[in-house]
Amino acid sequence: MKILVINAGSSSVKYQLIDMAKKKVLAKGGCERIGLPKSLLKGVSGGKTVEINEDMPDHTSAIRLILDALVNKEYGVIKKMSEISAVGHRVVHSGEDFTSSVLIDENVIKICERNRDLAPLHAIPTAMGMRACKEVMPDTPMAAVFDTAFHSTMPRYAYMYAIPYDAYSDFKVRKYGFHGTSHMYVSQEAARLLKKDIKDLKIVTCHLGNGASVTAVDGGKSVDTSMGLTPLEGLIMGTRCGDIDPYVVEFLMKKSGMTVSETLDYLNKKSGVAGISGISSDFRDLIAAADGGNDRARLAIDMFAYRVKKYIGAYAAVMGGLDAIVFTAGIGEHTPIVREKVLDGLEFLGVKLDKEYNNNLPRGKAVNFALKGSKVKLLLIPTDEELVIARETLALLPQ
Ligand code: AMP
């Protein structure tokens with residue numbers, strides 16, 4: 001059984017073809033600059049690097065090109081399109097319309113389009129990706145897998161904002177949370193690694209990538225998460241500010257003459273560790289600069305780790321205990337100094353870090369890097385959002 005996973009952006013479509021029986025990625029890549037001059041498809045197919053420079057005026061032509069590459073005689077990985085059993089689409093925002101993955105029909109596409117106010121950068125491209133697949137492979141079932149769905153179990157008192165209730169009842173303004181597929185996957189993998197029933201575990205999952213969020217997973221369910229109505233809330237990120245006094249927006253506008261959208265752009269794209277350091281959003285650059293004595297790079301790393309630590313403390317309190325902390329995504333998986341700074345001082349919760357092992361963890365493997373006897377297990381679990389989307393899609397197919 002082969003599942004095609006599609007992640008559509010405004011001018012890009014990323015894809016992976018996964019053989020579910022063999023748990024193997026057969027081909028992966030992406031189309032870039034869709035609708036722009038010099039569009040191209042870059043990927044790896046059957047172990048070979050593929051680069052196709054071809055005009056892609058819209059998402060339909062990009063999907064066609066991806067499928068052509070998959071069946072290509074020279075570097076393709078399947079003989080015919082009908083070998084693809086289903087397509088799973090990543091959908092960033094479900095609003096309150098969906099609490100789990102669903103098979104896609106016209107109504108689902110329309111709801112995704114209707115939710116464009118909630119995910120302005122993603123909703124329309126996602127719907128375009130769905131329509132394009134429907135046109136090119138009309139008989140292949142498709143599923144929508146939502147970044148927000150895993151967080152639909154949050155209690156009302158956790159997801160409501162303390163603004164007049166009408167903002168919720170009229171406009172659905174509330175916390176939704178994101179990275180749900182990742183938080184779900186790594187919490188389930190944590191239970192597997194610890195050989196425990198997830199129902200008996202209180203886990204804080206830290207998805208620390210360019211976008212970053214922390215989730216409290218109690219008994220397998222998300223009970224709180226750091227991102228909000230949009231992915232701007234919560235942790236300090238590569239270029240996003242995370243939690244901030246909303247009054248900063250008006251204050252900055254008055255002082256700098258920026259418009260509302262310029263200010264939001266500033267908070268989304270120019271802030272975070274990039275804005276603090278003035279160097280880069282990438283932790284490899286920040287660590288090199290900090291090692292070289294750059295004070296603002298050091299400050300950015302300290303601020304980032306401090307915010308993660310605050311959320312872990314808050315979520316341990318929310319769940320009334322803590323069995324494991326999971327680190328995942330680019331920074332979580334590859335930056336020992338961040339893990340060490342986050343965990344430093346959490347001994348009172350029962351955290352005992354194996355510092356030496358933390359500095360020498362194997363790549364791409366799920367491991368426990370707590371000292372023996374640590375009440376709280378410290379886990380590195382590589383995330384795999386595409387695999388979750390493929391699994392969710394498979395589960396929706398008639399057996
Ligand atoms: P992601 O969004 O999960 O792809 O994570 C991207 C971020 O992870 C990058 O911006 C880097 O800050 C960080 N990252 C990735 N690889 C490494 C590495 N080998 N060492 C340090 N940081 C890394």
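This text follows the structure it describes.
Going along each chain's sequence as written, the residues are numbered from 1 onward. Side-chain atom pairs in this predicted model are given and counted only at pLDDT of 80 or more, local residue features only at pLDDT of at least 70, and totals for whole chains, interfaces and linings cover all residues. Only hydrogens and water are set aside; all other atoms, that is, all heavy atoms of the structure, feed into the side-chain values.

Draft legend 1. How the structure looks around the site of the ligand. Near the ligand you find G209, N210, D282, F283, R284, A329, G330, I331, H334, T335 and R363, and these make up its full shell. Under the rule applied, a polar contact is a pair of N or O atoms within 3.5 Å (in protein, one hydrogen donor and one hydrogen acceptor; residues adjacent in sequence only if both atoms are side-chain atoms). One of the backbone N or O atoms of F283 is found 2.7 Å from an oxygen atom in the ligand. Contact between the ligand and I331: an oxygen atom at 3.3 Å from a main-chain N or O atom of the residue. With residues, only the protein chains shown are counted as cover, and all accessible areas are computed by Shrake-Rupley using a 1.4 Å probe. With the chains in place, 71% of the 500 Å² that the ligand exposes on its own is no longer accessible. Each helix is a run of DSSP H or I of at least 4 residues and each strand a run of E of at least 2, with the numbering of both proceeding from the N terminus. Contributions of two or more residues to the shell around the ligand are made by α10 (283-291) and α12 (329-334). For this classification, Asp, Glu, Lys and Arg are treated as charged, while Ala, Val, Leu, Ile, Met, Phe, Trp, Tyr, Cys and Pro are nonpolar and the rest, including Gly, are polar. Of the residues contributing to the shell around the ligand, the split by class is three nonpolar, five polar and three charged. Proximity criterion: a residue is near a molecule or strand once any of its heavy atoms comes within 4 Å of it.

Draft legend 2. Seen up close, α10. All of the buried residues in α10 are F283, L286, A289 and A290. Taken down its axis, α10 places every buried residue within 125 degrees of arc, on the same side. Opposite the packed face of α10, turned more than 90 degrees from it, sit the exposed residues R284, A288 and D291. Contacts made by the buried residues of α10 are with α9 (272-277), α11 (295-319), α12 and α13 (336-343). Its side-chain oxygen at 2.8 Å from the backbone nitrogen of R284, D282 defines the N-terminal cap of α10. The positive-phi residue at the C-terminal boundary of α10 is G293, with phi of around 95 degrees. To sort residues, take the accessible area from a 1.4 Å probe on protein chains only and compare it with the maximum for the residue type: under 20% means buried, over 50% means exposed, and anything in between is partly exposed. Working definition: the arc comes from the directions between the helix axis and the C-beta atoms, pointing outward to the latter. What makes two residues a contact is simply this: any of their non-hydrogen atoms within 4.5 Å.

Draft legend 3. Spatial organisation of the packing of aromatic side chains. Here a pair means two rings of Phe, Tyr or Trp (six-membered ring of Trp) with centres within 6.5 Å. Their orientation is stacked below 30 degrees between planes, edge-to-face above 60, and tilted elsewhere. In this structure the tally under the stated criterion is six aromatic pairs. Centroid distance F98 to F146: 4.8 Å. Interplanar angle 10 degrees. Geometry classified as stacked. Of this pair, F98 sits in the loop between β6 (84-91) and β7 (102-103) while F146 sits in strand β8 (residues 142-146), and the two are 48 residues apart along the sequence. With respect to class, F98 is no different from F146; both count as buried. When the ring of F327 is compared with that of F369, the centres are 6.1 Å apart and the planes differ by 50 degrees; the resulting orientation is tilted. Taken as a pair, F327 in strand β12 (residues 324-328) and F369 in the loop between β13 (367-368) and β14 (377-380) lie far apart in primary sequence, 42 residues in all. Overall, the relative accessible area of 0% leaves F369 in the buried class. An aromatic cluster is present here, built from Y159, Y165 and Y168 joined pairwise through their rings.

Draft legend 4. Structural detail: the side chain of N115. By secondary structure assignment, the location of N115 is in the loop between α2 (106-114) and α3 (123-136). Ignoring sequence-local partners within four residues, the contact set of N115 consists of H93, S94, G95, D97 and A123.

Draft legend 5. Structural detail: the nonpolar core. Nonpolar core, defined: a set of buried Ala, Val, Leu, Ile, Met, Phe, Trp, Tyr and Cys residues in which side-chain atoms within 4.5 Å join the residues together. If you look at the biggest cluster of nonpolar residues, it comprises 47 residues, and the most contacted ones within it are L208 and I325. Among the secondary structure elements, those contributing two or more residues to this core are β9 (202-208), β10 (212-218), α10, α11, β12, α13 and β14. Among the nonpolar cores identified, the runner-up in size contains 42 residues, and L17, L70, I104 and C112 belong to it.

Draft legend 6. Summary view of the pattern of salt bridges. Here a salt bridge means any side-chain nitrogen of Lys or Arg lying within 4 Å of a carboxyl oxygen belonging to Asp or Glu. All chains considered together, the criterion is met by 18 salt bridges. Measuring nitrogen to oxygen at the nearest pair gives 3.3 Å for the salt bridge that ties E83 to K2. Linking E83 in the loop between α1 (59-71) and β6 with K2 in strand β1 (residues 2-8), this pair joins segments that are 81 residues apart in sequence. The partner of E106 in a salt bridge is K110, and the shortest N-O contact between them spans 3.7 Å. Placement of both E106 and K110 in helix α2 is noted, with a separation of four residues, approximately one turn of the helix. Through salt bridges that share partners, E106, K110, E113, R131 and K134 make up one connected network.

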